[in-house]
Amino acid sequence: MFSKVLVANRGEIAVRVMRACEELGVRTVAVYSEADKHGGHVRYADEAYNIGPARAADSYLDHEAVLDAAEKAGADAIHPGYGFLAENAEFAAKVDDRGFTWIGPDAQAMESLGEKTKARSLMQEADVPVVPGTTEPVTSVDEITDVAEEYGYPVAIKAEGGGGGRGLKVVHSEDEVEEQFETAQREGEAYFDNDSVYVEKYLEAPHHIEVQIIADHHGNVRHLGERDCSLQRRHQKVIEEAPSSILTDDLREQIGEAAKRGVDAANYTNAGTVEFLVEDGEFFFMEVNTRIQVEHTVTEQITGIDIVKWQLRIAADEELAFEQADVDIEGHAMEFRINAENPAKNFEPASGTLETYDPAGGIGVRIDDAIRQGDEIGGDYDSMIAKLIISAGDREECLTRSERALSEFEIEGFHTIIPFHRLMLTDEAFSNGEHTTNYLDEVLDHSR
Ligand SMILES: Nc1ncc2cc(-c3cccc4ccccc34)c(N3CC[C@@H](N)C3)nc2n1
Ligand SMILES: [Ca+2]
């Protein structure tokens, strides 16, 4: 096991990783920008290094600044968390070149699964159903209208380098194809430095189901069940839960085995997530996330498996100590992202001094955060300041326990989306688990 790990991130995920290190007897190194120097994740580290100004490009995204800090600290390994450099294959390769262990999938697996069309063809070879469409980038309008003629409109034009909702154009009829095709290519070039686009049949009311995978360097691949992330607003997940209430046991088994086959074919190692769309009892591969995710927590709660500790053990070349049969799903969990946003003003970002911070507690309540009363919450980074994770015996109890916990959760000094979460708990479709990915945008009128 490593003796010292540098966590190349901030906020709650940096604290999450440092806590896992602590439990494994591993010393921790934090890196921080000017904006984070008074508190947050830095408080939890054994040592900390300033890597630059608040602007992420000059600090948390600065490859050399992070690598130099690892050098200075004499770290053995680097954990990237999520966001920032977590899925940056070029940085992962540099980490390796500089003699540190990368705590995540190797750069090659990131590359092959990060390219959405390569991932799709690789999944097809592994007998994993993919959303109908092309497995090569399209180079002409005809190729797009061919797919639409075969599967019907609407179709989705997707950027090869996109993901997470960026670079997705929905086309409802033939006369929109040319313009949307050109826009998708232009935006792909601008945002992802990659103008390749591909096309899929657009599923209009799917559930967004993702399967947690963990794989070691000794050929062991396990899935840890699924999460339902269908409650999203403008492609931002708002409430995630596990297990999904729309999967039958048979579909659950099929989707888990398909996810394992797919990542096995990619020689994937460490933690990863295979995203599927589920509609009318059928599931289709969408993409792979080659990192630990914000919502890994709900999987930990229902399986009792500490995913981050397994990331560290796997990176240190240890073998997975449990069989697939040992993974049992117990109860139900939900995660509420606590964002500093004002739901009454179209979720605009909020900031200010954290005058009161009195999070919920009691049975089945987990808080993952990096903030304390008195902290300055700025707008330098994303708006999520904490995660409230609720566990219970079943979904019904999870809903009532969530309402109890949200009613206890006190934050004063700026707006948060807590009132919005409490409203969602009273929503008919959500409380029945029937909400699909477009539900929230329609309810909030974004679709118009
Ligand atoms: N062929 C096809 N059909 C339906 C889809 C539905 C989604 C989707 C998934 C989850 C939430 C969404 C919210 C609004 C619009 C789309 C979604 C989707 N996403 C969203 C982000 C990225 N993971 C890909 N791809 C889709 N692709
Ligand atoms: Ca994704």
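Before reading further, recall that the structure is shown in the block above.
One structure accompanies this document, and this report is about it. Predicted model only: the values in this text are computed from it and were never measured. (Residues numbered from 1 in each chain as written. Chains lettered and ligands numbered in written order. Predicted model: local features only at pLDDT ≥ 70, side-chain atom pairs only at ≥ 80, totals over all residues. Heavy atoms only, no water.)

Notes on the site of ligand 1
- Close contacts around ligand 1 come from 17 residues, with K158, G165, E200, K201 and L203 the closest.
- Taking K201, its main chain carries an N or O atom lying 2.8 Å from a nitrogen atom of ligand 1.
- Measuring from a nitrogen atom of ligand 1, one finds a side-chain N or O atom of E287 at 3.4 Å.
- Alone, ligand 1 offers 530 Å² of accessible surface; in the complex the protein occludes 95% of this.
- Among the elements of the structure, strand 8 (197-201), strand 12 (270-279) and strand 13 (282-289) are those that each provide at least two residues to the shell around ligand 1.
- Here the residues of the shell around ligand 1 sort into 6 nonpolar, 6 polar and 5 charged. (Near = heavy atom within 4 Å. Polar contact = N/O pair within 3.5 Å; in protein donor to acceptor, adjacent residues only side chain to side chain. Areas by Shrake-Rupley, 256 points an atom, 1.4 Å probe, with all protein chains shown as cover. Helix = DSSP H or I, 4+ residues; strand = E, 2+ residues; numbered from the N terminus. Nonpolar A, V, L, I, M, F, W, Y, C, P; charged D, E, K, R; others polar.)

Some points on helix 11 (residues 395-408)
- Between its first and last C-alpha, helix 11 extends 20 Å over 14 residues, near the 20 Å set by a 1.5 Å rise per residue.
- Among the residues of helix 11, those classed as buried are R395, C398, L399, R401, S402, A405 and L406.
- Contacts from the buried residues of helix 11 go to strand 11 (236-242), strand 14 (332-339), strand 19 (365-369), strand 21 (384-392), helix 12 (418-425) and helix 13 (428-431).
- The opening residue of helix 11, the one whose side-chain oxygen lies 3.2 Å from the backbone nitrogen of E396, is D394. (Expected span 1.5 Å × (residues − 1). Buried < 20%, exposed > 50% of the residue type's maximum accessible area, 1.4 Å probe, protein only. Contact = heavy atoms within 4.5 Å.)

Notes on the nonpolar core
- Counting 36 residues, the largest nonpolar core has L388, F409 and I411 as its most contacted members.
- Looking at this core, the elements that each hand over two or more residues are strand 11, strand 14, strand 21, helix 11, helix 12, helix 13 and helix 14 (439-443).
- Counting residues per element, this core draws most heavily on strand 21, which supplies 5 residues.
- Apart from the residues lying within four places of it in its own chain, the contact partners of I411 are I338, L354, T356, Y357, I385, T416 and I418.
- Formed by 31 residues, the second largest nonpolar core is a distinct cluster that contains Y82, I103, I292 and I314. (Core = buried A, V, L, I, M, F, W, Y, C linked by side-chain atoms within 4.5 Å.)

Points about the sheet that holds strand 9 (residues 207-215)
- Here we have 8 strands laid out as an open sheet, ordered 13-12-9-10-11-14-21-19, and antiparallel in their pairing. One side of each edge strand has no neighbouring strand; the edge strands of this open sheet are strand 13 and strand 19. Here the average twist between neighbouring strands, direction ignored, is 25°.
- Note that strand 12 and strand 13 share 7 bridges and pair antiparallel. (Pairing = 2+ DSSP bridges. Axes fitted to C-alpha atoms, helices over the stretch in contact; angles between N-to-C directions.)

Observations regarding the environment of Y151
- Relative to the elements of secondary structure, Y151 occurs in helix 6 (residues 141-151).
- On the accessibility criterion, Y151 (37% relative accessible area) is partly exposed.
- Along the backbone, Y151 and K201 are 50 residues apart, and their C-alpha atoms lie at a distance of 6.3 Å.
- Excluding residues within four positions of it along the chain, Y151 makes contact with P132, G133 and K201.

Without other data, these values stay purely geometric and don't point to any function.
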